[in-house]
Amino acid sequence: MINIKSIHKSYTNGQNSLHVLKGIDLKIEAGEMISIMGPSGSGKSTLLNILGILDNYDDGVYQLDGKKIQHLNERKAAQLRNKTLGFVFQSFNLVSFKNAMENVALPLYYQKVSRRKRNKIAVEYLDKLGLKEWAHHLPSELSGGQKQRVAIARALITKPKVRDTKCEKVA
Ligand code: ADP
Ligand code: MG
């Protein structure tokens with residue numbers, strides 16, 4: 001499902017370069033549940049951003065679901081993310097002017113699912129996460145934990161093959 005070999009990634013600004021990922025190998029089969037652990041600043045988010053096709057890498061090979069992921073344009077990357085990946089961002093990244101239901105439904109909007117249908121499915125997902133009552137509230141009216149659950153529902157609504165289950169506990 002996910003196969004990476006000798007991935008390297010540096011961050012460069014001006015004269016300074018920070019070599020964060022130094023030849024990472026990782027193979028994850030379908031159905032496996034993996035957690036990536038390490039001290040703060042060790043490169044976990046850097047790796048997840050590459051796996052989630054949110055950032056590029058400098059060297060190595062990344063294959064996702066049999067497809068080589070390299071130098072994709074924004075459009076192609078967005079399509080693959082929408083179809084294959086469910087990503088829960090550390091800072092949620094909910095759309096502030098859309099309510100919980102609309103936020104959860106967003107990935108289906110990009111799949112051209114009708115408004116009525118996608119909103120209905122979104123409410124079902126919110127219900128699974130105990131948030132049905134909050135469907136019509138804006139993110140600013142939700143607690144941190146509630147926002148995180150909305151972000152989880154949004155990551156799951158497309159039934160992606162790769163689901164990021166990073167769910168740091170938010171009180
Ligand atoms: P983790 O998620 O394990 O805490 P990160 O992957 O966020 O670690 O960061 C790894 C290192 O890369 C840190 O030293 C961080 O300061 C640096 N870093 C992360 N993102 C950037 C960036 N966009 N530009 C420059 N340096 C970055
Ligand atoms: Mg991090």
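Up top you'll find the structure we're talking about.
Residues numbered from 1 in each chain as written. Chains lettered and ligands numbered in written order. Predicted model: local features only at pLDDT ≥ 70, side-chain atom pairs only at ≥ 80, totals over all residues. Heavy atoms only, no water.

**Q** Just give me the short version of the overall build of the protein chain, but keep the residues and values in it.
**A** Helices and strands together make up the secondary structure of the protein chain, namely five helices and six strands. Ordered by position from the N terminus, the helices and strands of the protein chain form the series β-β-α-β-β-α-β-α-α-α-β. Principal axes of the C-alpha set define a box for the protein chain whose edges measure 50 × 35 × 35 Å. When each of the 171 residues of the protein chain is scored for burial, the buried share is 37%. Across the protein chain, every contact between residues at least 6 apart in sequence was considered, and the portion connecting residues at least 24 apart equals 62%. With the model as given, the accessible surface of the protein chain reaches about 10700 Å², and the carbon-plus-sulfur share is 51%. (Helix = DSSP H or I, 4+ residues; strand = E, 2+ residues; numbered from the N terminus. Buried < 20%, exposed > 50% of the residue type's maximum accessible area, 1.4 Å probe, protein only. Contact = heavy atoms within 4.5 Å. Areas by Shrake-Rupley, 256 points an atom, 1.4 Å probe, with all protein chains shown as cover.)

**Q** Account for the pattern of salt bridges, naming residues and giving values.
**A** Under the criterion given, the structure shown has three salt bridges. For the salt bridge of D55 with K9, the shortest nitrogen-to-oxygen distance reads 3.3 Å. Here the residue D55 occupies a position in the loop between α1 (44-51) and β3 (59-64), and K9 occupies one in strand β1 (residues 2-13), the gap between them amounting to 46 residues. Its relative accessible area of 28% is what places D55 among the partly exposed residues. Given a relative accessible area of 8%, K9 falls into the buried group. Taking the shortest distance from any N to any O, the salt bridge between D65 and K161 comes out at 2.8 Å. Remark: K161 occurs in the loop between α5 (144-156) and β6 (162-163) and D65 occurs in the loop between β3 and β4 (67-68); sequence separation between them is 96 residues. Classification of D65 as partly exposed rests on a relative accessible area of 30%. (Salt bridge = Lys/Arg side-chain N within 4 Å of Asp/Glu carboxyl O.)

**Q** Explain unusual backbone geometry to me, and be specific about the residues and the numbers.
**A** Positive phi values are uncommon outside glycine, yet D65 reaches one of about 55°. Here F92, not a glycine, exhibits a phi torsion of approximately 70°, which is positive. Given the relative accessible area of 13%, F92 is considered buried.

**Q** Just give me the short version of the environment of N99, but keep the residues and values in it.
**A** Here N99 shows up in the loop between β5 (85-86) and α3 (100-110). Leaving out residues up to four positions away in the same chain, N99 has contacts with A135, H136, H137 and L138. At 2.8 Å, the side chain of N99 and the backbone nitrogen of E102 are in polar contact. (Polar contact = N/O pair within 3.5 Å; in protein donor to acceptor, adjacent residues only side chain to side chain.)

**Q** Please set out the site of ligand 1 residue by residue, giving values where relevant.
**A** Taken together, Y11, L18, V20, P39, S40, G41, S42, G43, K44, S45 and T46 make up the full set of residues adjacent to ligand 1. K44 places a polar main-chain atom, nitrogen or oxygen, 2.8 Å from an oxygen atom of ligand 1. Within the backbone of S45, a nitrogen or oxygen atom sits 2.8 Å from an oxygen atom of ligand 1. In isolation ligand 1 offers 570 Å² of accessible surface; the protein chains occlude 58% of this area. Of all the secondary-structure elements, those providing two or more residues to the shell around ligand 1 are β2 (16-28) and α1. Per-element tally for the shell around ligand 1: the top contributor is α1, with three residues. Tallied by class, the residues present in the shell around ligand 1 amount to four nonpolar, six polar and one charged. (Near = heavy atom within 4 Å. Nonpolar A, V, L, I, M, F, W, Y, C, P; charged D, E, K, R; others polar.)

**Q** Describe the sheet that holds β1, with residues and values.
**A** Strand order in the open sheet made by the four strands is β2-β1-β3-β4, with antiparallel pairing throughout. Only two strands of the sheet have a single partner each, and these edge strands are β2 and β4. Note that β1 and β3 share five bridges and pair antiparallel. Residue pairing across strands places K5 opposite V61, the latter belonging to β3. Of the strands in this sheet, β1, β2 and β3 are in contact with α1, which crosses β1 at around 120°. (Pairing = 2+ DSSP bridges. Axes fitted to C-alpha atoms, helices over the stretch in contact; angles between N-to-C directions.)

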